[in-house]
Amino acid sequence: MANVPSHGLRHVTAIRPWLPTFRRSTSLTIMRPWLPTFRRSTSLASLSSSYTEDSEHAQPKSGDKPNSYFPKRGQTLELVCESLAFKGKGLCKVAETGFVVMCDRALPGERFVGRVTRRKGTYAEVTKVETISPPWDFVDAPCEYASYCGGCKTQNLIYEAQVKAKEQQMEFSFGSQKWLPKEKLMERQDGIENYALGLHAPGFFDKVLNVDKCLLQSEPANMVLAAVQDCWRDPQLGLSPYDVYSHVGFLKHLMLRTGRNAETGHPELMVNLVTSSYKPELLKPLLEKISAIPEVVSVMNNINSSVGNTSLGEVEYNLYGKSSITENLRGLTFQISANSFFQTNTHQACNVTKAEVLYELIEDCAGLRGDGSEIVLDLFCGTGTIGLTLARRAKHVYGYEIIPQAIADACLNAELNGIQNATFVQGDLNKIDESFGKNFPKPDIVISDPNRPGMHMKLIRYLLKLKAPRIVYVSCNPATCARDLDYLCHGVTEKGIEGCYKLKSVQPVDMFPHTPHIECVCLLELR
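Residues numbered from 1 in each chain as written. Predicted model: local features only at pLDDT ≥ 70, side-chain atom pairs only at ≥ 80, totals over all residues. Heavy atoms only, no water.

As recorded in an unreviewed UniProt entry, the protein goes by TRAM domain-containing protein and comes from Malus domestica.

Right, dumping it as structure tokens:
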């Protein structure tokens, strides 16, 4: 990755108000070559309160003033940001009442004037109007789009402060509506000049912030982006961006994936052009420019004819080179296709990948004896990366995933690495029935790595009935993670569900520097 500091790791004490009996304190050194190694242990209580969407705001104290004193829509307030909550919003409190308000792009220590935009029961949201004094640990953002883009929105905090805040709490789109900041609205033009290729502006599904270079991706990937930007608006090419209102247009997304050649270690780049129909003749000019970049080894065309703006295609065509790229993790080689999930943001300095650090933590939590006697159930297995890294120490690994292409990749990856004790099954884990689990033996370890919505109640019921000795829960959304852990430990009284696990440890891993996003590896043991 280019110009982005590598991730930081800290082990924290698992102390939560809703899990009062579970404590453990160990430490893990920070993995950053540009900072001296040190250790630190801190409470995780604030991680739950800051990250849980339902509790990213505090209830007013009983002594607070009545509702009439709470801010109204349109009212302006002078506020001080106290901390970062989930999704990177600044958490502030009204001085007179203690009422909580959330402000996007407000940073800890920043004093500012905010205008109330809406009230949501026990908290309100404000828009920053003017900064009175800057936040603590303020730095100039390295990216020119930092003030507008919804991606790396905490670039104005030094990285050490980002990691501390996280302890306490890439695809590009084509668009017919270019997003502009307020100071440039007078420059808006019609037609082709209003077209954009970049990232959706925060809060807008129909407006795209035009981006010429992204610091998150590799230099070859930025070369591809520049090549496409250089020609796609040419009216002689007949290309048009998809319009989300009229549902007409051709180009939907430009997806870029970077891997490494298994033999040479050199970068491999996959370019996936998502279009509304199959018209390869229209893509020829783009293909000529893209394929001239040496690192590009694959150009795919995914067809998505639905009115939705998803990047997942119904049909896939190979326009150039290979249909997949490779990546190396923990001594294994993985084939990655255009539509299958693979851990993002893998590279780090010193020839260690962030995904390798993450997977090493998962293996440590799994606690495999290494004698080949244990069964592993890998839920939401994707292309099999976690399960296959555990297979060499297990008796057998059973993986489940909804995306057929990911299952195909997982089976191919097992064969590619000579792993014969792994079985991968395609299926929707949100729609399991009583028959689920009858085609594999009872697991000793369950790995669950769901997407942002977390686990469905059907799956939670199954796990509580299964009573595997250990569950390793990997989450990219601490809000749903906290909810699911609560269900597994304490149950759901109103549904007659009893919990049967205890939380042993929680390890945040900063896979996404300069953003509010974080991965967590959680270990649960059967009570």
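Q: A description of the overall build of the protein should follow, citing residues and the corresponding values.
A: Counting its secondary structure elements, the protein contains nine helices and 21 strands. Per-residue burial over the protein gives 53% buried out of 527 residues. On the protein, roughly 23200 Å² of surface is accessible, and the fraction owed to carbon and sulfur atoms is 51%. (Helix = DSSP H or I, 4+ residues; strand = E, 2+ residues; numbered from the N terminus. Buried < 20%, exposed > 50% of the residue type's maximum accessible area, 1.4 Å probe, protein only. Areas by Shrake-Rupley, 256 points an atom, 1.4 Å probe, with all protein chains shown as cover.)

Q: Explain the pattern of salt bridges to me, and be specific about the residues and the numbers.
A: Scanning all chains against the criterion turns up twelve salt bridges. A salt bridge links Lys89 to Glu125, with the shortest nitrogen-to-oxygen separation between them at 3.2 Å. Taken together, the positions of Lys89 in the loop between strand E1 (76-84) and strand E2 (90-93) and Glu125 in strand E5 (residues 123-133) put the pair 36 residues apart, joining distant regions of the chain. One salt bridge connects Glu434 with Lys465, and the closest N-O pair in it is separated by 3.6 Å. A residue pair is termed long-range when its members are at least 10 positions apart, and Glu434 in the loop between strand E17 (422-426) and strand E18 (445-448) and Lys465 in helix H8 (residues 457-466) qualify at 31 residues. On the basis of relative accessibility, which here comes to 60%, the residue Lys465 falls in the exposed class. Put simply, Arg369, Asp371, Glu374 and Arg470 are held in one network by salt bridges that share partners. (Salt bridge = Lys/Arg side-chain N within 4 Å of Asp/Glu carboxyl O.)

Q: Please give an account of the packing of aromatic side chains that cites residues and values.
A: Per the stated rule, a full pass over the model turns up eight aromatic pairs. A centroid spacing of 5.0 Å and a plane angle of 75° characterise the contact between Phe174 and Trp232, whose relative ring orientation is edge-to-face. Note that Phe174 is positioned in strand E6 (residues 171-175) and Trp232 in the loop between helix H3 (219-231) and strand E9 (251-260), a separation of 58 residues in sequence. For the pair Phe174 and Trp232, a shared accessibility class is recorded, and that class is buried. In this structure an aromatic cluster arises from ring pairing among Tyr398, Tyr400, Phe436, Phe440 and Tyr462. (Phe/Tyr/Trp six-rings, centres within 6.5 Å; stacked < 30°, edge-to-face > 60°.)

Q: I'd like a rundown of the environment of Ala196, residues and numbers included.
A: Relative to the elements of secondary structure, Ala196 occurs in strand E7 (residues 196-200). Residues Ala196 and Ser176, spaced 20 residues apart in sequence, show a C-alpha to C-alpha distance of 6.4 Å. Residues contacting Ala196, with those up to four places away along its chain left out, are Ser173, Phe174, Gly175, Lys178, Val208, Asn210, Trp232 and Arg233. (Contact = heavy atoms within 4.5 Å.)

Q: Got a sec to walk through the pairing of strand E3 (residues 100-103)? Specific residues and values, please.
A: By the alternation rule, side chains of E3 split into Val100 and Met102 and Val101 and Cys103, which are all buried. One ladder, built from four bridges, connects E2 with E3; its direction is antiparallel. Considered in E3, the bridge of Lys93 is made with Val100. The antiparallel hairpin formed by E2 and E3 contains six residues in its connecting segment, where Gly98 sits at a positive phi of about 80°. (Pairing = 2+ DSSP bridges.)

Q: Please provide a residue-by-residue account of the nonpolar core, values included.
A: If you look at the biggest cluster of nonpolar residues, it comprises 40 residues, and the most contacted ones within it are Phe172, Val224, Val228, Trp232, Leu254, Val271 and Ile290. Of all the secondary-structure elements, those providing two or more residues to this core are E6, E7, H3, E9, strand E10 (267-275), helix H4 (280-291) and strand E11 (296-303). Here this core gets six residues from one element, more than from any other, and that element is H3. With residues up to four places along the chain from it excluded, the contact list for Trp232 reads Phe174, Gly175, Tyr195, Ala196, Leu197, Leu239, Pro241, Leu251 and Leu286. Counting residues in hydrophobic clusters, the runner-up holds 35 residues, among them Met457, Leu459, Ile460 and Leu466. (Core = buried A, V, L, I, M, F, W, Y, C linked by side-chain atoms within 4.5 Å.)

Q: Just give me the short version of H3, but keep the residues and values in it.
A: In this model, H3 (13 residues) spans 19 Å end to end at C-alpha, consistent with the 18 Å of a helix rising 1.5 Å per residue. Of the residues making up H3, those classed as buried are Pro220, Ala221, Asn222, Val224, Leu225, Ala227, Val228, Gln229 and Cys231. (Expected span 1.5 Å × (residues − 1).)

Q: Please provide a residue-by-residue account of the pairing of E1, values included.
A: Examined bridge by bridge, E1 and strand E4 (residues 111-120) share five bridges and lie antiparallel to one another. By the bridge assignment for E4, Thr76 is matched with Arg115. Of the strand pairs in this sheet, E1 and E2 are connected by three bridges, and their pairing is antiparallel. When the bridges of E2 are listed, Leu84 appears paired with Gly90.

Q: Describe the layout of surface pockets, listing the residues and the values that go with them.
A: Taken as a whole, the second largest pocket holds about 390 Å³ of empty space. Glu434, Lys458, Arg461, Tyr462 and Lys465 are, among the 13 residues lining the second largest pocket, the residues nearest its centre. Within the lining of the second largest pocket, the residues separate by chemical class into six nonpolar, one polar and six charged. (1 Å grid on protein atoms, 1.4 Å probe; cavity = no way out; pocket = protein on both sides within 12 Å on 5 of 7 lines; lining within 4 Å. Points joined across faces, edges and corners; volume = space filled by probe spheres on them. Nonpolar A, V, L, I, M, F, W, Y, C, P; charged D, E, K, R; others polar.)

Q: Describe the UniProt feature "active site" (unreviewed entry) in the protein, naming the residues involved and giving the relevant values.
A: The positions UniProt marks with the feature "active site" (unreviewed entry) are Cys476. Along the chain, Cys476 falls in the loop between strand E19 (470-475) and helix H9 (478-490). Those residues in contact with Cys476 that lie beyond four places of it in its chain are Asn451, Arg452, Ile518 and Glu519. (UniProt positions renumbered as here; feature names shortened; annotations may be inferred.)

Q: Give a description of the confidence of the model for the protein that names residues and reports values.
A: With 79% of its residues at a pLDDT of at least 70, the protein reaches an overall mean of 78. Across residues 1-68, where pLDDT falls below 50, the model places 191 contacts with residues more than four positions away in sequence or in other chains. Low pLDDT (under 50) marks residues 344-352, which in the prediction has 26 contacts with non-local residues, meaning those over four places away or in another chain. (pLDDT = per-residue confidence, 0-100.)

Q: So, the sheet that holds E5: which residues are in play, and what are the values?
A: An order of E1-E2-E3-E5-E4 is seen for the five strands of this closed barrel, with the pairing classed as mixed. Across the sheet, the axes of successive neighbouring strands diverge by a mean angle of 50°, strand direction being ignored. (Axes fitted to C-alpha atoms, helices over the stretch in contact; angles between N-to-C directions.)

Q: Talk me through the UniProt feature "binding site: S-adenosyl-L-methionine" (unreviewed entry) in the protein; I want residue IDs and the actual numbers.
A: The positions UniProt marks with the feature "binding site: S-adenosyl-L-methionine" (unreviewed entry) are Gln343, Phe380, Glu401 and Asp449. Looking at the secondary structure, you find Phe380 in the loop between strand E15 (375-379) and helix H6 (385-391). If near-sequence neighbours (up to four positions away) are discounted, Phe380 is found in contact with Tyr400, Glu401, Leu429, Ser448, Asp449, Pro450, Met455 and Leu459. Within the fold, Asp449 resides in the loop between E18 and H8. Residue classification places Asp449 among the buried residues on the basis of a relative accessible area of 18%. Residues in contact with Asp449, not counting those within four places in the same chain, are Leu379, Phe380, Ile386 and Val474.

Q: Give me the packing of H3 against H4: which residues, what numbers.
A: Direction vectors running N to C along H3 and H4 enclose 145°, while the axes themselves pass 9 Å from each other. Taken as a pair, H3 and H4 cross one another with a handedness that is right-handed. Here H3 contributes Val224, Ala227, Val228, Asp230 and Cys231 to the contact with H4, which in turn contributes Leu286, Lys289 and Ile290. Split by residue class, the contact of H3 with H4 holds six nonpolar, no polar and two charged. (Left-handed = near helix turned anticlockwise from the far one by under 90°.)

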